[in-house]
Amino acid sequence: MDLSEDILQYILSGLSTGAIYAVIGLGFAIIYNSTSIINFAQGEFVMLGGMLTLFFHVTLFLSLPFSIFLAVLVATAVGALFERLAISPLKNADPLILVIITIGGSILIRGIAMLLWGKDTYVLPMFSGDEPIVLWGATLMPQNFWIFGITLIIIVANRLFFHHSIIGKAMRACSFNRVASSLVGINVKHTVLFSFAISSALGAAAGIIIAPLTMTSYDVGIMLGLKGFCAAIIGGMSGGIGTVAGGLIVGVLESLGAGLISSGYKDAIAFIILLLILFLRPQGLFVKGDTERV
Amino acid sequence: MKQELLKFFLFTALIGIAPVFIGKGYLINVFVFVGIYTILAVALNLLLGLAGQISLGQAAFFGLGAYISGVLTATHAVNPWLSMVIAVVTVGIIAFILGFPILKLKGHYLAMATLGMGIIVYIIFNETVDITGGPSGLSGIPHLSLGGIIFNSDLKNYYLVWFFAVTIILLSVNLAASRIGRALRAIHDSEVAARIMGVNARLLKVQIFSISGVISALAGSLYAHTVTFISPTSFGFNVSIELLTMVIIGGLGSIYGSFLGAAILTLLPEFFRTFQDYDIIVYGLTLIVITMFMPGGLVRGVPLLFRSLFKKEPMPQSNEKRG
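Basis of the calculations
Residues numbered from 1 in each chain as written. Chains lettered and ligands numbered in written order. Predicted model: local features only at pLDDT ≥ 70, side-chain atom pairs only at ≥ 80, totals over all residues. Helix = DSSP H or I, 4+ residues; strand = E, 2+ residues; numbered from the N terminus. Buried ≥ 20, exposed ≤ 12 C-beta atoms within 10 Å, placed from the backbone. Contact = placed C-beta atoms within 7 Å. Rg over C-alpha atoms; globule rule 2.2 N^0.38 Å. Arc of directions from axis to C-beta. Core = buried A, V, L, I, M, F, W, Y, C linked by C-beta atoms within 7 Å. Expected span 1.5 Å × (residues − 1). Nonpolar A, V, L, I, M, F, W, Y, C, P; charged D, E, K, R; others polar. Axes fitted to C-alpha atoms, helices over the stretch in contact; angles between N-to-C directions. Left-handed = near helix turned anticlockwise from the far one by under 90°. Parallel < 35°, antiparallel > 145°, perpendicular 65-115°, else oblique. pLDDT = per-residue confidence, 0-100.

Right, let's talk about the overall build of chain A for a bit. A count of helices and strands for chain A gives 11 helices and 2 strands. Structurally, chain A occupies a C-alpha span of about 60 × 45 × 35 Å along its principal axes. Classification of the 294 residues of chain A by burial places 51% in the buried group. Across chain A, every contact between residues at least 6 apart in sequence was considered, and the portion connecting residues at least 24 apart equals 75%.

Here it is in structure tokens:
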């Protein structure tokens, strides 16, 4: 393999993990837009997706599609429960309090997962075999195509939901102006609950499709969650195509950095991007600056 | 202020005679760590409780302090006290420089940025194997010594660490009661209002971040010289979360509360062996339950709870948005 083939390989696998970050990032943005909360527990739903699918498929011998369905369902329920028990009772709390609560929720979920499944690392079987496919000199797994496909479906569904369904439109209205939305009859409490449910489901889906490639354990949520956040920040917390682009940028840069510079610093690359964006353009790469209201 | 002084002398006296009751066994060693974590929790509390600025990367400064001290003494044979000074000053400068861009951020973004900083530093500890020894750690760090006394026993280390801890507590109580302390509390309540009143909020936030870093680095240096072995896991993300939990348990803004939080979280695992496996569940639950039901921490929450139990006063709700 020559260098250009290497680079193609890095870019393709970077796009694949980047797609995962994009989906996780969408989850961050959805909650942020309806509540102004950065949900630090977002990554744990990614972990739950992978671990629950594994549990239903490998331990309970259910079929893979049914296991995936159940895993998303359970993760969504956990997300909704978390909102009901820990977020909803704190009306208008200080951001500091909310940061601490969601961190608490995050390590609680991680701890329970550790209690249930131990500290071992597990592999979820690939969705359709492990015969590699060679594409212009680069090798891809069929799972990579599943990732691209499912991510695309999620992005389109996300767009349709928020722009063409009545609930989605109501949720967007809430993110612009909560008081005005409640005046026109939108139940703001429900939209917050919905946003937690939807982003848990998105996180879980992302966790499921990546698990066959990268393996899964009780603590994969931290890194995946943080990189998803990085994607959302690059996209300016818009929940749209900016976040998707953000995820792909992080994925590709990380993969190139790991391949060409040093694999040990792979995780550091995402965080350096995160810090640079936060320092230089906290409003995101694709959005114009906004004045702050006090 | 008189009351504060009395409280301080009482606390210092208790710490001074505590070894008589603790004995010379294993427990005294645990109390050395209580001292180190008290220093760290107080450092975070100055930033979080006083100025209202969260940091999820405190372990980075703790680790930098430990590694600078450790590498200088173990690899380059620098005098331990000198290396401690170098560690503290270097971390202070790093924190000051990093503070400007980091503390421009607020709330969730600040939390994420400090978290990112912590993880990057942790990765550097692991990857710079030539300097730090990487994941397998750095050993052979010498003990501190003073006028012929080598601090190589648990009891000597107890008094060494607690000398620094008590000094830091005194300085912190003083700082909180000073003009700077009031300015920081004003920033906590409303940064805009504080600015309008003429507080240089930006510089003050950076300064307190830097002070917090310096104190953490001191704790790191003490850690390196008392344990004589360091490895990256002692300075990871979990440690930052543990410190956050200590501060929240004790009570935001309460200096002695930080001691209480540090003591509880360091002693519990020693009494419940099984606790060690499930500690993160306990941390998670504690963070949620205390912030939801006892936002002032144990130091303020327990007396309130008693009062409301016996006098039937309603529990005050103080987690409403301020400002």
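There's more to say after this.
From N to C terminus, chain B includes 14 helices and 4 strands. A globule of 323 residues ought to have a C-alpha radius of gyration of about 20 Å, and chain B, at 20 Å, matches this closely. Referenced to the eigenvectors of the C-alpha coordinate spread, the extents of chain B come out at roughly 60 × 45 × 40 Å. Within chain B, the fraction of its 323 residues that count as buried is 50%. By sequence separation, contacts in chain B at least 24 residues apart represent 76% of the contacts at least 6 residues apart.

What follows is about unusual backbone geometry. Residues and elements named next belong to chain A. The backbone phi angle of F61 is positive, close to 55°, even though this residue is not glycine. By the C-beta count within 10 Å, which is 8 here, F61 ends up exposed. The backbone of M215 shows a phi angle near 70°, a positive value even though the residue is not glycine. When you line up the elements, M215 lands in the loop between α8 (188-214) and α9 (221-234).

Here we come to the environment of M171 of chain A. Residue placement: M171 of chain A occurs in helix α6 (residues 166-176). Distance from M171 of chain A to I30 of chain A, taken between C-alpha atoms, is 9.0 Å for residues 141 residues apart in sequence.

Residue and element names in this part refer to chain B. Buried within helix α8 (residues 179-189) we find A183, L184, I187 and H188. Around the axis of α8, the buried residues are gathered within 150° of arc, so they sit on the same side. The exposed set on the far side of α8, more than 90 degrees from its buried face, consists of R179 and D189. Looking at the packing, one finds that the buried side of α8 touches α2 (26-50), α9 (191-196) and α10 (201-227).

Residue and element names in this part refer to chain A. Of note, A270 is situated in helix α11 (residues 266-280). In this structure A270 comes out as buried when scored by C-beta crowding, with 25 C-beta atoms within 10 Å. With residues near it in sequence (within four places) discarded, A270 still touches K227, C230, V250 and E254.

It is worth spelling out the nonpolar core at this point. Counting residues in hydrophobic clusters, the biggest one holds 194 residues, and the most contacted among them are V23, L48, A204, A205 and C230 of chain A together with I39 and L40 of chain B. Examining the composition of this core, we find that 15 residues originate from one element, α2 of chain B, more than from any other.

For helix α1 (residues 3-35) of chain A, which comprises 33 residues, the first-to-last C-alpha distance of 46 Å matches the rise-based estimate of 48 Å (1.5 Å per residue) to within 8%. A positive phi of about 60° marks S36 of chain A, the residue just after α1 of chain A.

Moving on, we come to the interface of chain B and chain A. With 34 residues of chain B at the contact, the number on the chain A side is 36 residues. Contributing elements (two or more residues each) for the side of chain B that touches chain A: α5 (107-127), α11 (237-250) and α13 (275-293) of chain B. Looking at which element gives the most residues to the side of chain B that touches chain A, the answer is α5 of chain B, with 12 residues. Tallied by class, the residues present in the side of chain B that touches chain A amount to 23 nonpolar, 7 polar and 4 charged.

With that out of the way, let us pick up the packing of α9 of chain A against α11 of chain A. Residues and elements named next belong to chain A. Running from N to C, α9 and α11 point in directions that differ by 35°, and their axes come no closer than 10 Å. Here α9 and α11 pass one another in a crossing that is left-handed. Contacts between α9 and α11 involve M223, K227, C230, I233 and I234 from the first element and D267, A270, I273, L274, I277 and L278 from the second.

As a further point, take the packing of helix α4 (residues 95-117) of chain A against α5 of chain B. Geometry of a packed helix pair, given as the angle between the helix axes and the separation of the axes. At a minimum axis separation of 8 Å, α4 of chain A and α5 of chain B run at an interaxial angle of 45°. What the angle tells us is that α4 of chain A and α5 of chain B run oblique. On α5 of chain B, the residues touching P95, L96 and V99 of chain A of α4 of chain A are G107, H108 and A111 of chain B. A breakdown of the residues in the contact of α4 of chain A with α5 of chain B according to their chemical character gives 4 nonpolar, 2 polar and no charged.

On to the confidence of the model for chain A. Of the residues in chain A, 97% have a pLDDT of 70 or more, and the chain-wide mean is 88. Helix α3 (residues 64-87) of chain A holds the highest mean pLDDT among the elements of chain A, 94, whereas strand β1 (residues 133-135) of chain A holds the lowest, 81.

The pLDDT averaged across chain B works out to 88; a share of 94% of its residues lies at or above 70. Per-residue pLDDT stays below 50 along residues 318-323 of chain B; that stretch engages in 14 contacts with residues further than four places along the chain or on separate chains.

Residue and element names in this part refer to chain B. Within the element layout of this structure, A43 appears in helix α2. Along the chain, A43 and F209 lie 166 residues apart, while their C-alpha atoms are 9.0 Å from each other. Residues within four places of A43 in sequence aside, it is in contact with Q58, S212, I215 and S216.

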